[in-house]
Amino acid sequence: MADALTLSRPKTVEVGSVQISDVSKTFRVEGRTVHALDDVSLAIASGEFISIVGPSGCGKSTLLRFLAGLDGPDSGRIAVDGEVIDRPSLKRGIVFQDHRLLPWFSVEKNIALSLHSLAGSEAEKRERVQYLIDLVGLSGFEKALPHELSGGMSQRAAIARGLAPRPPLLLLDEPLGALDSLTRSYLQDELLAIWEREKSTVVMVTHDVEEAIYLSDRVVVMEPRPGRIAKIFEVSGKRPRHRDDPDFVTIRREITDLLAHRRD
Amino acid sequence: MTTSTLNRPQLIWRALVLPAALVVLWSLLDAFGALNGDIIVSPLQVLKTSYEGFADGSIPGATIATLLRALVGWTIGASIGLAFGVLIGLSGVARGLFDPSIASLRQIALFAWIPLLSAWFGNGEVMKITLIALGAFFPMALGAQAGCQNVPAPFREVGRVLELDRRATLTKIVFPAAIPSILAGLELSLNIAWLGTFGAEYLIGTGYINGMGDGLGAYLAAAREYARMDQVLLGVLFLALIGVALDRLVIGFSRRLIPWRMP
Ligand SMILES: Nc1ncnc2c1ncn2[C@@H]1O[C@H](COP(=O)(O)OP(=O)(O)O)[C@@H](O)[C@H]1O
Ligand SMILES: [Mg+2]
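Residues numbered from 1 in each chain as written. Chains lettered and ligands numbered in written order. Predicted model: local features only at pLDDT ≥ 70, side-chain atom pairs only at ≥ 80, totals over all residues. Heavy atoms only, no water.

An unreviewed UniProt entry lists chain B under the name Sulfonate transport system permease protein, with Xaviernesmea oryzae given as the organism. UniProt lists a comment for chain B under the heading Subcellular location (unreviewed entry), and it reads "Cell membrane". UniProt's Sequence similarities (unreviewed entry) comment on chain B is quoted here verbatim: "Belongs to the binding-protein-dependent transport system permease family." (UniProt positions renumbered as here; feature names shortened; annotations may be inferred.)

Under an unreviewed UniProt entry, the name given to chain A is Sulfonate transport system ATP-binding protein, and the organism recorded is Xaviernesmea oryzae. Check the Sequence similarities (unreviewed entry) section of the UniProt entry for chain A; it says "Belongs to the ABC transporter superfamily."

Points about a positive patch on the surface
All names here are of chain B. On the surface, a cluster of positive charge is made up of R8, R248, R255 and R261. Positionally, R248 belongs in helix α10 (residues 229–257). Look at R248 and you get exposed, because its relative accessible area is 57%. (Patch = residues over 30% accessible without salt bridge, like charges linked within 9 Å, V, L, I, M, F, W, Y side chains within 5 Å. Areas by Shrake-Rupley, 256 points an atom, 1.4 Å probe, with all protein chains shown as cover. Salt bridge = Lys/Arg side-chain N within 4 Å of Asp/Glu carboxyl O. Lys, Arg positive; Asp, Glu negative; His and termini not counted. Charge placed at Lys NZ, Arg CZ, Asp CG, Glu CD. Helix = DSSP H or I, 4+ residues; strand = E, 2+ residues; numbered from the N terminus. Buried < 20%, exposed > 50% of the residue type's maximum accessible area, 1.4 Å probe, protein only.)

With respect to the interface of chain A and chain B
Size of an interface: often given as the accessible area lost when the parts come together. Taken together, the contacts link 21 residues of chain A with 20 residues of chain B. Contact between chain A and chain B buries roughly 2000 Å² in total, counting both sides, with carbon and sulfur atoms accounting for 71%. Here B:E157 makes a salt bridge to A:R65, at a shortest N to O gap of 2.7 Å. There are six residue pairs in polar contact (both at pLDDT 80 or more) connecting chain A and chain B. When grouped by side-chain class, the residues that make up the side of chain A that touches chain B number 12 nonpolar, six polar and three charged. (Contact = heavy atoms within 4.5 Å. Buried area = accessible area lost by both parts, 1.4 Å probe. Polar contact = N/O pair within 3.5 Å; in protein donor to acceptor, adjacent residues only side chain to side chain. Nonpolar A, V, L, I, M, F, W, Y, C, P; charged D, E, K, R; others polar.)

Let's talk about the layout of surface pockets
All names here are of chain B. By volume, the largest pocket is sized at about 1100 Å³. Residue assignment for the lining of the largest pocket shows that the elements contributing at least two residues are α1 (8–31), α2 (43–55) and α10. In terms of residue count, the dominant contributor to the lining of the largest pocket is α10 (13 residues). Its residues assigned to classes, the lining of the largest pocket shows 23 nonpolar, three polar and three charged. (1 Å grid on protein atoms, 1.4 Å probe; cavity = no way out; pocket = protein on both sides within 12 Å on 5 of 7 lines; lining within 4 Å. Points joined across faces, edges and corners; volume = space filled by probe spheres on them.)

Overview of the packing of aromatic side chains
Across all of its chains, the model carries nine aromatic pairs over all chains by this definition. When the centroid spacing of 5.3 Å and the interplanar angle of 75° are considered together, the rings of A:W104 and B:F155 count as edge-to-face. On the criterion of chain membership, the pair formed by A:W104 in the loop between β6 (92–95) and α2 (107–113) and B:F155 in helix α7 (residues 153–161) is interchain, its members lying in two chains. Taken individually, A:W104 and B:F155 each receive the classification buried, so the pair is uniform in this respect. A ring pair is formed by B:F54 and B:F238, whose centres lie 5.8 Å apart and whose planes are at 50°; its orientation type is tilted. Remark: B:F238 occurs in helix α10 and B:F54 occurs in helix α2; sequence separation between them is 184 residues. A relative accessible area of 44% means that B:F54 is categorised as partly exposed. Clustering of aromatic rings is evident, with ring pairs tying together B:F84, B:F98, B:F137 and B:F138. Over the face of the ring belonging to A:Y214 we find A:R243, whose NZ or CZ atom lies 4.1 Å from the ring centre. (Phe/Tyr/Trp six-rings, centres within 6.5 Å; stacked < 30°, edge-to-face > 60°. Lys NZ or Arg CZ within 6 Å of the ring centre and 35° of its normal.)

So, the confidence of the model for chain B
Residue and element names in this part refer to chain B. Of the residues in chain B, 94% reach a pLDDT of 70 or more, and the chain-wide mean stands at 87. Taken element by element, the predicted model of chain B shows its lowest mean pLDDT in α1 (83) and its highest in α7 (97). Prediction confidence for the complex, expressed as pTM and ipTM, is 0.85 and 0.91 respectively. (pLDDT = per-residue confidence, 0-100.)

Observations concerning the sheet that holds strand β4 (residues 75–80) of chain A
All names here are of chain A. If you trace the four strands from one edge of the open sheet to the other, you get β2-β1-β4-β5, paired in antiparallel fashion. Strand pairing shows two members of the sheet lacking a second neighbour, β2 (32–44) and β5 (83–84), which therefore form its edges. As paired elements, strand β1 (residues 18–29) and β2 share nine bridges and run antiparallel to each other. When the bridges of β2 are listed, V18 appears paired with I44. Strands β1, β2 and β4 of the sheet are contacted by helix α1 (residues 60–68), whose axis makes an angle of about 120° with β1. (Pairing = 2+ DSSP bridges. Axes fitted to C-alpha atoms, helices over the stretch in contact; angles between N-to-C directions.)

A closer look at the side chain of A:R161
With respect to the secondary-structure elements, A:R161 resides in helix α4 (residues 151–163). Salt bridges are absent for the buried A:R161, whose nearest opposite-charge side chain, A:D98, sits at 8.2 Å. Leave out the neighbours within four places in its chain, and A:R161 touches A:H99, A:R100, A:L101, A:L102, A:N110, A:I111, A:S114, B:V158 and B:L162.

As for the site of ligand 1
All names here are of chain A. In the vicinity of ligand 1, the residues found are F27, V29, V34, A36, S56, G57, C58, G59, K60, S61 and T62. One of the backbone N or O atoms of K60 is found 2.9 Å from an oxygen atom in ligand 1. Protein coverage of the free-state accessible area of ligand 1, which is 560 Å², stands at 62%. Secondary structure elements with two or more residues in the shell around ligand 1: β1, β2 and α1. Per-element tally for the shell around ligand 1: the top contributor is α1, with three residues. Of the residues assigned to the shell around ligand 1, the class counts are five nonpolar, five polar and one charged. (Near = heavy atom within 4 Å.)

Quick notes on unusual backbone geometry
In terms of backbone geometry, most residues other than glycine have negative phi values and most peptide bonds are trans. Residue and element names in this part refer to chain A. Look at the link from R225 to P226: it is a cis peptide, with omega at -5°. Its location among the elements puts P226 in the loop between β9 (218–223) and β10 (228–234). Cis geometry is found at the peptide bond from R239 to P240, where omega equals -5°. Looking at where P240 falls in the secondary structure, it is placed in the loop between β10 and α7 (246–263). Residue D22 is not a glycine yet carries a positive backbone phi of 50°. With respect to the secondary-structure elements, D22 resides in strand β1. The backbone of D81 sits at a positive phi, close to 50°, despite the residue not being glycine. With respect to the secondary-structure elements, D81 resides in the loop between β4 and β5.

A word on the UniProt feature "transmembrane region" (unreviewed entry) in chain B
Residue and element names in this part refer to chain B. This chain's UniProt record puts "transmembrane region" (unreviewed entry) on residues 12–29, 71–93, 105–123, 129–148, 169–186 and 232–253. The distance separating the terminal C-alpha atoms of residues 71–93 is 32 Å; by composition the span is 96% helix and 0% strand. Structurally, residues 129–148 is divided into 100% helix and 0% strand, and its ends, taken at the C-alpha atoms, are 28 Å apart.

Shown next as structure tokens:
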């Protein structure tokens, strides 16, 4: 597909590196204390593709919300490019687990909203929105309202909204979870293409170990109660990777074993 | 068959079954001489009275006067209510200043204002409009406040991550999210305004002194005074019909304004 990126941004300095140091967070839930994150540390290099896997409740979404700047840790420090995060920013795009399209706006307007606060002409923005609608396969649904879309279509619109401002750091919370396997593998490849083209840093939460290995430079495995990092797997091997490569199979076995083990 | 599979005309016919049955029953009772003319008159008599009422212009005149009064009072009350509700819903300072007072005043039954208002404004038009506006004010203010205050947190967060400024947050997130609640307030405020209009006309003033200009409420008060059961029934019928029509109008308008569904 032709690159129709028009909202240009100079790409001279490396941006989107993340430093997470000793981050902890507890929630009070019905009188009990939930250790959502316990002493989590992780450094992510600029341009890295990181996946986080782990059973539900291990703090994956919480960590992503911190990176987005929607919430902060009780203790510890989270910085992007050396700057402590204290508020949300268009430089850190997030695609929520629940797509969060605004029900009163069409697909088109939902995506355009992410460009509202950016410089650029209306024509440029319109072109960018259309490019993304085509990219996620929603052509013909520009004017559709969110309640008229299937779960998978909503998720794709949300991905388009997340990508539109071209954030140097892209945070994805189970973005492909609601999709059928065909659309899913198509969008995995599109995600890779965008990542390579934009040279952005990607942190993606997923349930799908194969997806994590297929896409990422490193796979972070988390465990719950308290939420922390169990192990980090380096994935070597040039892309596009093949799911039946011996290396691929080995690492998948290791991760699924670890997840199965930690579940008890 | 469920209601949703019926089309509009079918639904309307179905809604008319009960009223029609009542009229038939009423006519039968009358035919068998079971009606005491002092309490319930015959359907024919009501029909005749309504013909006379239309012929001399008293019914349409009173109806227009009542409608006008209701709409003026409602417009004033709902507009001020909307402004207040939005202000209180958006600003913590304004909420602290006004919310307790409004919450207390709201507890006063609408017609309990009559002695106070008539002491201030007399028994004329100003007083009646004020009463109607007051009735419309509270539900509208409450609806607008609730709508602006209870924007779902996930949507607010979307506004934050997209770095929307205050203006865009209001126009693209807060107000759209508040519209259903605002419209509910609008509907309720019209209901109350309609009730208040009748109350104002019926209870305030000195009867049917200005003729049809005093509206359906005064028409009814006069009818009761002279024990004209035919006129009483006719007046009630008209109040009900117009009330329903107004309600439908606002509901139809609401549906048109919000084509979306909340998730
Ligand atoms: N706002 C919150 N209030 C209370 N508890 C929360 C909140 N957010 C997350 N939690 C709790 O923190 C834990 C981690 O949640 P989350 O980060 O959503 O996990 P994951 O995304 O890995 O499934 C869970 O036990 C969850 O119930
Ligand atoms: Mg989650």
